[in-house]
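Below, each chain spelled out in residue letters.
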Amino acid sequence: RFSFRVFTTCTDPDLPSVDEIDGIPVHRVYVDLARGSTKLTAAIHALQYFRRYHRTFDIVHLHGFSQKSVLIVMLALLHRKKIVLTIHTAEHDEAGEARRRGRLAYWAYRQAHLYIAISSRIASNYLAAGLPEARLRLASHDFCTRSSTSGAGGEITVFGSAASMPLASVISAPGLPSKVRNA
């Protein structure tokens, strides 16, 4: 049995900060991209969220990779969580872009236990970056979103952060699938 939680940032101030969609608890933090102070507030909320809920999940699932991912990866590793990174956007979410963001971002990018590429082009770019083939899975974008619930300004997965899509999913699973457990 899997259970899910969602933590995400959003750019719509009218969305509720605490919500439930299809029985899945959703926690949103408003970020105004023009005001750096809201990014700091989001980071504080992420720390508080992890401190409060880290015992309720086993996997952190990042949907894409951004500045916010670095903090989430560090928290996940600190709490011994498996990390899954779904690479949605060619170039923006890829290893080369993480490398351009600096050593810390590239380090965080490489910490994922499993990478899911949503297209063959993204999978090829992943391999060209010299990342481990054994950690890569290819899935169509339709596969990644079919089980998600659309609504409230984005697709629901679990523990996320981005303007229009959750950043990360946290999945609690008593018996983790071997592909994730051994990745």
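Here, every reference points to the structure presented above.
About the thresholds
Residues numbered from 1 in each chain as written. Predicted model: local features only at pLDDT ≥ 70, side-chain atom pairs only at ≥ 80, totals over all residues. Heavy atoms only, no water. Core = buried A, V, L, I, M, F, W, Y, C linked by side-chain atoms within 4.5 Å. Buried < 20%, exposed > 50% of the residue type's maximum accessible area, 1.4 Å probe, protein only. Helix = DSSP H or I, 4+ residues; strand = E, 2+ residues; numbered from the N terminus. Arc of directions from axis to C-beta. Contact = heavy atoms within 4.5 Å. Salt bridge = Lys/Arg side-chain N within 4 Å of Asp/Glu carboxyl O. Phe/Tyr/Trp six-rings, centres within 6.5 Å; stacked < 30°, edge-to-face > 60°. Pairing = 2+ DSSP bridges. Right-handed = clockwise from strand over helix to strand, strands pointing away.

Visitor: What am I meant to see in the nonpolar core here?
Guide: In this structure, Phe65, Leu85, Tyr109 and Tyr115 are the most contacted members of the largest nonpolar core, which totals 35 residues. If you list the elements that add at least two residues to this core, you get helix H1 (36-53), strand S4 (59-63), helix H2 (67-78), strand S5 (82-87), helix H3 (95-100), helix H4 (103-109), strand S6 (114-117) and helix H5 (120-128). If you look at the next biggest cluster of nonpolar residues, it comprises five residues, including Ile59, Leu114, Ile116 and Ala139.

Visitor: Any chance you could explain unusual backbone geometry here in plain terms?
Guide: The bulk of non-glycine residues show a negative phi, and the bulk of peptide bonds are trans. Despite not being glycine, Asp22 has its phi angle at roughly 50°, a positive value. Relative to the helices and strands, Asp22 resides in the loop between strand S2 (18-21) and strand S3 (24-30). What makes Asp22 exposed here is its relative accessible area of 60%.

Visitor: Any chance you could explain H5 here in plain terms?
Guide: At 3.6 residues per turn, the α-helix brings residues three or four places apart onto the same side. Buried within H5 are the following residues: Ile122, Ala123 and Tyr126. Viewed end-on, H5 has its buried residues packed into an arc of 100°, placing them on one side of the element. Opposite the buried face of H5, by more than 90 degrees, sit the exposed residues Ser120 and Ala128. For H5, the secondary structure elements touched by its buried residues are S5, S6 and strand S7 (136-138). Remark: Gly130 follows H5 within two positions and exhibits a positive phi of approximately 85°.

Visitor: Even after reading the chapter, I still don't get the pattern of salt bridges, so can you show me in this structure?
Guide: A side chain of one charge can pair with a side chain of the opposite charge if their charged atoms are brought near each other. Under the counting rule described, the total for this entry stands at four salt bridges. Here Arg28 ties to Asp19 by a salt bridge, and the two come within 3.3 Å at their closest N and O atoms. Taking the relative accessible area as the measure of exposure, Arg28 reaches 7% and is therefore buried. Taking relative accessible area as the criterion, Asp19 reaches 26% and is therefore assigned partly exposed. Here Asp32 and Arg35 are joined by a salt bridge, their closest N and O atoms 4.0 Å apart. Arg35 sits in the partly exposed class, given a relative accessible area of 45%.

Visitor: Where do I start with the packing of aromatic side chains in this structure?
Guide: How two aromatic rings sit relative to each other is given by the distance of their centres and the angle of their planes. What the rule picks out here adds up to six aromatic pairs. Centre to centre, the rings of Phe50 and Phe57 are 5.3 Å apart; their planes meet at 85°, and the pair counts as edge-to-face. No difference in accessibility class separates Phe50 from Phe57, as the two residues are buried. Residues Tyr115 and Tyr126 carry aromatic rings whose centres are separated by 4.9 Å and whose planes lie at 50° to one another, so their mutual orientation is tilted. Of the two residues, Tyr115 is situated in strand S6 and Tyr126 in helix H5; the sequence distance between them amounts to 11 residues. The buried category is assigned to Tyr126, whose relative accessible area is 3%. Put simply, the rings of Phe65, Tyr109, Tyr115 and Tyr126 pair up and form one aromatic cluster.

Visitor: I tried to follow the pairing of S6 on my own but got confused; where do I start?
Guide: Along a regular strand, successive side chains alternate from one face of the sheet to the other. The alternating pattern of S6 places Leu114 and Ile116 on one face and Tyr115 and Ala117 on the opposite face, and all of these are buried. In terms of strand pairing, S5 meets S6 through four bridges, oriented parallel. By the bridge assignment for S6, Leu85 is matched with Tyr115. Where S6 and S7 come together, three bridges link them in parallel fashion. When the bridges of S7 are listed, Ile116 appears paired with Arg137. Of the crossover connections in this fold, the one passing from S6 over H5 to the parallel S7 is right-handed.

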